[in-house]
Structure formats: structure tokens, C-alpha cells
Amino acid sequence: MRTAEIKRRFLAHFEANGHAVVPSAPLPAIEDPNLLFINAGMVQFVPFFLGQRTPPYERAASVQKCLRTPDIDEVGKTSRHGTFFQMNGNFSFGDYFKERAIPLAWELSTKPVERGGFGMDPERIWATVYLDDDEAIEIWKKTGLPAERIVRRGKKDNFWSMGIPGPAGPCSELYFDRGPQYGPEGGPEVDEDRYLEFWNLVFMQYEITNVVSKEVFDIVGELPAKNIDTGMGLERIASIMQGVDNLYEIDEVRPILARAAELTGKRYGAQSGRAASQSHPDDVRLRVIADHVRTALMLIGDGVTPSNEGRGYVLRRIMRRAVRAMRLLGWQEGPSLPELLPVARDCMAPSYPELAEDFDRISQYAYGEEEAFLTTLRSGTTILDTAISQTRSAGGGSLSGAKAFQLHDTYGFPIDLTLEIAAEHGLDVDQAGFRRLMAEQRARGKADAQARKTGHADLSAYRGVLDDGGPTHFTGYSEVTRESTVRALLSRAGGELRAAGEGDEVELVLDHTPFYAEGGGQQPDQGTVTVGGGELEVYDVQQVVPGLIVHRARVLRGEVRPGESAYASIDVTRRRAISRAHTATHLVHQTMREFLGESATQAGSLNAPGRLRFDFNTPGAVPFSVLNDVEQQVNEVLLSDLEVRAFVTSLDEARRLGAMALFGEKYGDEVRVVEVGDYARELCGGTHAARSGQLGLVKILSEASIGSGVRRVEALVGIDAFSYLAREHVLVSRLAELFRVPNEQVAERVEQTVGQLRDAEKELEKLRAQLVLGGAAALAAQAKELRGVAFVGTEAPEGAAGNDVRTLAQEIRGKVDPARPAVVAVAARANGKASLVVAVNPAARQRGLAAADLVKGALSGRGGGNADLAQGGGLPANEAANLLLAVEKAVAES
Ligand code: SER
């Protein structure tokens, strides 16, 4: 039974039993930040199980595309591991439970093939149940399975979860006994190769959290309803129904494997016996290729493209593994995917016709990626080969870590490939040395980043200051000025200074400061510090090492020395504008989550005077209407004039209060929480407006993608937002004036005018063509007779160029009686140059006249075309008439 037929029967069985047939979700798991790819049939239904959304149906069935890569190294080595696979599933959302799920599965499995079932021998079916699930055991017995083929198993095998927080439950699995040739008797406990699991019935009734492993997690509680989630591995059931050993040999995969074998001249399964094939490197590689090529096709089909991170990197790795496996099988002929991918397409298109329609795009990505990888391989291999022969001729047994590192760093040549090729030549690689160099490079990267932030690669001067005097006290939450003492002066080069004078650029450390150091997306304060008779202008403030705030400043006048008392004063207007932006960011964040869901988490932000940038995770563009709603709601919060309050509390308490925290950020036990009334609550160290009303106005300007799954909105706040709107208003009023309509009709009028312009251009085009072509018949009628050839030589009307000239030549030629040999030459002048087109009809060609020869003759070799039509140009415009004469002469002398 073909795989497509198995899918059809599965869906038909459940549709007949009242299930809605639901299409597969695309492979990228865009709704769940914890998952890269959909890895089970139930993923698209998670919100239904959790009671977060009301399902439009109570029962559903689907064939879901899935991807699992944790076991990628097992692919090809066992009969069960594939990266891409499909899962047939039936689902109940609070409708039926075990009592119906078990008989439904049994019925389809055992119903005879001629009556639409899978016709499995009931004697060969086994079931497992969760330890204490007596209820399931009773239902199995009643359904027809004898007690001796029902096995109790523990959490590891019979409690199913996604491996992340979410719905979960005990399960019952169906196994098929493939017979003694696969292994010993005794049921699934004894041998899972002989007893192949083909269907998992999950009794979804709990929500879990704190997932450490498959067996260690906390149960949050019962789900709102008792649900069913079943998953039948389509490739597994297909391998059973088709009587083949493993999933690479079913109808949807085998042809890819066969093609790879053909290309590389290998005979799949040449080794007799199952065990031999399982471990034979050639067979393993062929299976890897079959699996990975199909997976690449499905991934690109669902919009994933190769890249260096996230989903794109998974794809890249899979494709590279396939290309390398081909190479290791001896394929040397360049790209292999053009040979393999179309086979995969033909295998999958019966179920996924969109793959065939979209194949141009899919193959472009795939072939491009392979080309790039082959280039890497080629350059790397040459260098590696040289290094290998040098090592060997020097009598060494091991390739240096430096060489492996250079290959990786300069040529992007993967280390595992270096290891493999070296091993083929009987050499080791100094892996410890390689790892050390990698670590050093990482450390350098960090130091560079540090140097960019601090201006110093070496932080010891800062550490010294910190050790001597302890952390700087930041007082800027409540003060904008502060009496303080100069604790240290540093030069921008990093050394401590004893004094600085007018014009010097310094770094100033104070005991106490109201200056906010750049952090949490908030820009630093600016302002002045006066010391004795001196004054400094502060233009940047950074926390260079945790706890130490330095002011980057220019000495405007006087002298400054450590130990002197100082008066620090920030630019209050700037600070207020920044604080307003920061509060606005919290409001936008909270509101985005309300409209787009909890997964719209912050990925970055910038709070600058009067404007903000907010980056967040969400799969696609935010519709314009949603942005409008977000903007409106944010502004309503401003009008409510909520109090903004900041307080310090324990991390636990903040969590209990539901404060939003940034993913991946480390927090201490004590955290600062900023809340805007009851509307938004977030962990934050920044400064804020005192009340939401102070923000005045928030105007969202734009929304755009800045990377896969990350979007950015930019907005203006306060007077900047107002000025923007005021400018827009002036602009619209000006347009309205120009178009002589009221403001609200401007868009309509512009649309109208653009339409009219387009029509007028079309009309103009038509007239020009008529003008150029209109004279064709008259010109043909005036053809000169030159030794039996009708010759027309004419200059095109002014302004005619390119296409027009060619068309005119052809038109004239078409108006001459085809029985007469005819040559038409049209010269044109445009942009100070003369050009020539010659058209020759078949009767004249029979006489040996060729358009290309005539053009080249007239233009001394320049020009191109064929016997029928040719053109050339480049002479000064005043040569146009001479060109025609030259052609005429050539015809007359032919
Ligand atoms: N969610 C279960 C599985 O993936 C059943 O669909 O096995």
C-alpha cells in the first residue's frame, strides 16, 4: 500500500467518525518560542489543549509534517530515525477519551484492506500502557486484545510530553510484531526493532512545567478538559505495510536512495543480512542522503532558507551532510542535488503538489547552497591535502591544531571534515590545540566587544579604582544634581591622571552621580560637572565594569584634580525626553503582547530623547490595523494618566506579580520593578516618567523585519510625536491646496491623477507606434528595384529607438509581396548616434542576402544578428544617410 494511500485511509476513517480534517501546519514552529520546528502532530493544537483558545471543532484529524534533529547522528543507522517525517493523528478536545480512542485505533489497524483498513493481523499487535492505567487495560481487553499482549511501562516510555512546558499525559502505544527475523520474542520490553511502535495514543490531561527530562518535571495541574492526541508515524506504518525493513525503503524515500546509489555506482544492500546493511558505511550514507535530501526539500518548501543561525542553520547542516555523504561515496562530478532533488520532489509531490509548483524557487536555494559548499570544500581540500602531504613527508602522524584552525577560520572548512579526511590518510588531528585556538579566538572577540564598550581593552585601571573606593552610588532615580567628590581621573588611553586642563578629554569617576550610564536600551545622560574653578561637559556615561560608572567628558575651562569636590548636574530636558521614551517602550511592549500573544517578547530596545525603537519576536509582519490598534490603546493609557512606580523586591515576588522579564537576562535576587498603574509591570533599571500622562503622545512610525522572526517598531514620544504629526498635517494641506481639494480627498485625487497619467502614457505609446509604423505600407510601395530585389532604405521618424526601429523594419518587410526578394534598411538617430536595422525576407535570403552581413558591411564589422534581422550602431548621427546608402550599394552589387 503506497504511503499516499495510507494517509488517505487514515483521514477517511476519522472523517467517517466525525473528525474535521485539518491541514498540516508548516514545519517552522512560529507560534512557540521554545520550538524551532513542529515535532509532533499536536503542536498546532496546543492552545486548544491548554484551554487558551476554543477549537472550532471537537474532533480533528491531520497528517502533520514534522522534523526532529536531536538524533541526527542516528539517521541511517537504525530503521526508525528520520529527520523529516509525517505523523497521522486524531485529536479530541474535551470530546471522547480513552474509551473511544482505543477502539478507533484498533478498528483502523485491523480492518481488512478491502474494507478500507490496514488489515493488520490482530494476533501480531501489542499494546503498552502507563503503569497504573487499569482503565486503559480494561478498554484494551474489551476491544479484543488479550491480557498477555498488554504491557505496563513507566514514565520514560508511557508518559508523553513535548519535552517543554505544556500539555502532557499518560499514553498507550500500539506495536506490531515484525516476526522472528527481526529479533527475539517477548514483546516491546524485549526488542523494539522486532516489535515496532506504530501508534501512540496520548491521554492528554495534565499541564507540566519545570521540565528537566522525560521523567523529571512538575505537574501544574489538570487541563481544563480531558483530551486525546494520537500520533501514528506515517513512515513506520508505511514500512510495515510495504514489508520493508526501514523508513528509507518506503515508496516516498527509496527512489532518492536508489538514484544516489546509481550515481555513485554503489549497490545498496550488497552486504547480505539486515545487520550488515545497518552498519555498512555505504548503506548508512545512502540512507542519510535519502533522508536529508527529502528533508531539505520539505524545509525549503516551507520557507526555510540556509543561513548561519536558527532554522536556517539546521537546514544548512542537513544539506551539507547530504553533500558530504555523496562525496564520501565517491561522487566527484560536481553538484549532486540537481540529480537528487527532482527525485525527492517526484516522491513527495503526490501528497504535496505545491512542491512541484514551487520547485524553481526551492531548487534555486538548494543548488546555490550546494555550489557554495563545494567551493568551500574545494579550497579547503587543496590546503588540507598539502598540509597532509607535508605532515607525512616530515614523518609526523598528526595534523597541527593551527592548520585545522586556519581551515576552519579562513576557509569555513568544518572541523569534522578535517578529522575525516585526515583519518582517511591515516593521520590524527591535534584536537586539543584546535580547541585552544578556538577558545582564544572567542576570548579575543569578547575583549574586542569590551574595548568597544569601554574604549579600553585592558580593564585593570577601572578595577583598581573600583577596588580602592567601591562602587559608584547612582542617585539619579530621585535627583538631577548632586554634590560629590572626584574619585579618579583617567585618560582615554586608560591611565590615571593627577590633573586635567582645558581641552582635555577625560574619564571622570565620582563617588555619587545622578548621571545614568547607558544600559537596558536607555541612552546615557549628558550634562556638566563643575569642580572648583573648572567645568567639564559630560557627553557619554558608561558602566565600564559592574558597579563603576565613568563620565566621558571634555574639560571646558579650569583645572580638575582627583579628591576635589564636584557638583554634577544632568541635562534635565534630555533626561525627561529619554525617560518618556522608556516608559513608552514598556507600554508598547505590554500592548504588543496583548494583541500578538505572550510570545511577542522583547528582543532589544532603544530609548533615546523623544524616540524609541522596540524589537520583538513574532513570526510575521504585524498588520497595519493591529499597529493602529496598539497605538490607539497606548495613547488611551496616556490619557488615563497612570502613576509610574518603581520598587525593589525579591525576584520571586516580582515573578508572582507577573512582572515581565527579558529572556536570557540574568537577574540577582533583588530586582527593581517598574509598573505603570496596573497596566504594565516589568523588571527594569531605567528611568521613567512620573505619570503616563507626561508622555503626551506616542506615534508609531514604522514596523519592519530585522531578521528572521524579529520585528522592529519605531515610535516618537511627546513633543517629537506632536511635531511629526504637525509636519504631516502641513504636508497634506499643501498637497490639498495643489490638487484643489479638501484634505480628506487628497488620496483619492492622487489616485485619480496617477490613473489618468498612466492612461495618457499608454495613449502616447500607441500614437507613437502608429506614427512609426503607419508609413510602413507606403514605404514598401516605394521600394526600389535593385537587380530583382525590392529595396527600402529609410530613416525612422525622430525619437524612434530600439524596439520601434526593429518593428518598423519588420513591418515594411511584411508589406512587400513575399514572392519578391526584399531588403529593408532603417536608420535612426538617437542621442547623437546613428543606428541601423536591416531586415531580409526569405526570398532574398535564398538569393544569398543576409541581414547580419549587410549591417556588418555598412558598419565595418560592428553589429550583430542573423540572416533574417540584424542591427548595429555607434556612428555619429550624421552618418545615418550614409548607412542606408552603403546597404543599398551592397544590395545593388550583390
Ligand atoms: N504527541 C504524541 C507523539 O508525538 C502523539 O501524537 O507521539
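The structure displayed is predicted, hence computed values, not measured ones.

The rules behind these values
Residues numbered from 1 in each chain as written. Predicted model: local features only at pLDDT ≥ 70, side-chain atom pairs only at ≥ 80, totals over all residues. Heavy atoms only, no water. Helix = DSSP H or I, 4+ residues; strand = E, 2+ residues; numbered from the N terminus. Buried < 20%, exposed > 50% of the residue type's maximum accessible area, 1.4 Å probe, protein only. Pairing = 2+ DSSP bridges. Axes fitted to C-alpha atoms, helices over the stretch in contact; angles between N-to-C directions. Contact = heavy atoms within 4.5 Å. Near = heavy atom within 4 Å. Polar contact = N/O pair within 3.5 Å; in protein donor to acceptor, adjacent residues only side chain to side chain. Areas by Shrake-Rupley, 256 points an atom, 1.4 Å probe, with all protein chains shown as cover. Phe/Tyr/Trp six-rings, centres within 6.5 Å; stacked < 30°, edge-to-face > 60°. Lys NZ or Arg CZ within 6 Å of the ring centre and 35° of its normal. Core = buried A, V, L, I, M, F, W, Y, C linked by side-chain atoms within 4.5 Å. Salt bridge = Lys/Arg side-chain N within 4 Å of Asp/Glu carboxyl O.

Caption draft 1: Structural detail: unusual backbone geometry. Backbone geometry at R787 places phi at a positive 45 degrees, although glycine is not the residue there. Looking at where R787 falls in the secondary structure, it is placed in the loop between β27 (784–786) and β28 (789–795). Phi is positive for S860, which is not a glycine, with a value near 50 degrees. Relative to the helices and strands, S860 resides in the loop between α26 (851–858) and β31 (864–865). Judged by its relative accessible area of 66%, S860 falls in the exposed class.

Caption draft 2: Geometry of the sheet that holds strand β23 (residues 670–676). If you trace the three strands from one edge of the open sheet to the other, you get β22-β23-β24, paired in antiparallel fashion. Whereas interior strands pair on both sides, the edge strands pair on one side only; in this sheet they are β22 (644–650) and β24 (680–683). Taking each pair of neighbouring strands and ignoring which way they run, the sheet shows an average axis angle of 25 degrees. Sheet topology places β22 next to β23; seven bridges connect them, and they run antiparallel. By the bridge assignment for β23, F647 is matched with V673. With respect to the sheet, helix α18 (residues 572–596) is in contact with β22, β23 and β24, its orientation differing from that of β24 by roughly 110 degrees.

Caption draft 3: Representation of the pairing of strand β16 (residues 527–531) within the structure. Here β16 shows a buried face lined by G527, V529 and V531 and an unburied face lined by T528 and T530. Bridge count between β16 and strand β19 (residues 565–570): five bridges; the pairing is antiparallel. Bridge pairing in β19 places T528 opposite S569. Here five bridges tie β16 to strand β17 (residues 534–545), and the two strands are oriented antiparallel to one another. Among the inter-strand pairings, V529 is bridged to a residue of β17, identified as L536. Taking the residues between adjacent antiparallel strands as the criterion, β16 and β17 are bridged by two residues, where G532 takes a positive phi near 55 degrees.

Caption draft 4: How the structure looks around the site of the ligand. Taken together, A40, M42, R68, M87, W160, N200, V202, D229, T230 and G231 make up all the residues around the ligand. Here an oxygen atom of the ligand sits 3.2 Å away from a polar atom, N or O, in the main chain of T230. G231 places a main-chain nitrogen or oxygen 3.0 Å from an oxygen atom of the ligand. Calculation on the ligand without its partners gives an accessible area of 230 Å², and the protein chains cover 95% of this total. With three residues, the single largest contributor to the shell around the ligand is strand β9 (residues 218–233).

Caption draft 5: Summary view of the packing of aromatic side chains. Summed over the entire model, instances satisfying the criterion amount to 19 aromatic pairs. On the basis of an interplanar angle of 80 degrees and a centroid distance of 6.3 Å, the ring pair of F48 and Y57 is categorised as edge-to-face. Accessibility expressed as a relative area gives 13% for F48, which makes it buried. Ring geometry for F614 versus F616: centroids 5.5 Å apart, planes at 10 degrees, classification stacked. Taken individually, F614 and F616 each receive the classification buried, so the pair is uniform in this respect. Cluster of aromatic residues (ring-pair linked, three or more members): F45, F48, F49, Y57, F91 and F93. Here the guanidinium or amino end of K155 rests over the ring plane of F217, the centre of that ring lying 4.7 Å away. It is R672 that lies over the ring of Y477; its NZ or CZ is 3.5 Å from the centre.

Caption draft 6: Highlighting the nonpolar core. Grouped together as the largest cluster of nonpolar side chains are 89 residues, with contacts concentrated most on W140, F198, W199, I237, V293 and L297. Counting residues per element, this core draws most heavily on helix α9 (residues 281–301), which supplies 11 residues. Residues within four places of V293 in sequence aside, it is in contact with I256, A322, L337, L340, L341 and A344. Membership of the second largest hydrophobic core comes to 29 residues, among which are L638, V644, A689 and V717.

Caption draft 7: Here's a closer look at the pattern of salt bridges. Taken as a whole and assessed by the stated rule, the structure comprises 49 salt bridges. With a shortest N-O distance of 4.0 Å, R320 and E369 are connected by a salt bridge. Pair noted here: R320 is in helix α10 (residues 310–328) and E369 is in helix α13 (residues 359–393), with a separation of 49 residues, a long-range link. Assessed through its relative accessible area of 23%, R320 is described here as partly exposed. Residue classification places E369 among the buried residues on the basis of a relative accessible area of 7%. When the shortest N-O distance is used, the salt bridge between R361 and D358 registers 2.8 Å. The network of salt bridges with shared partners includes K7, E235, E252 and R294.

Treat this as a map of the structure, not an account of what it does.
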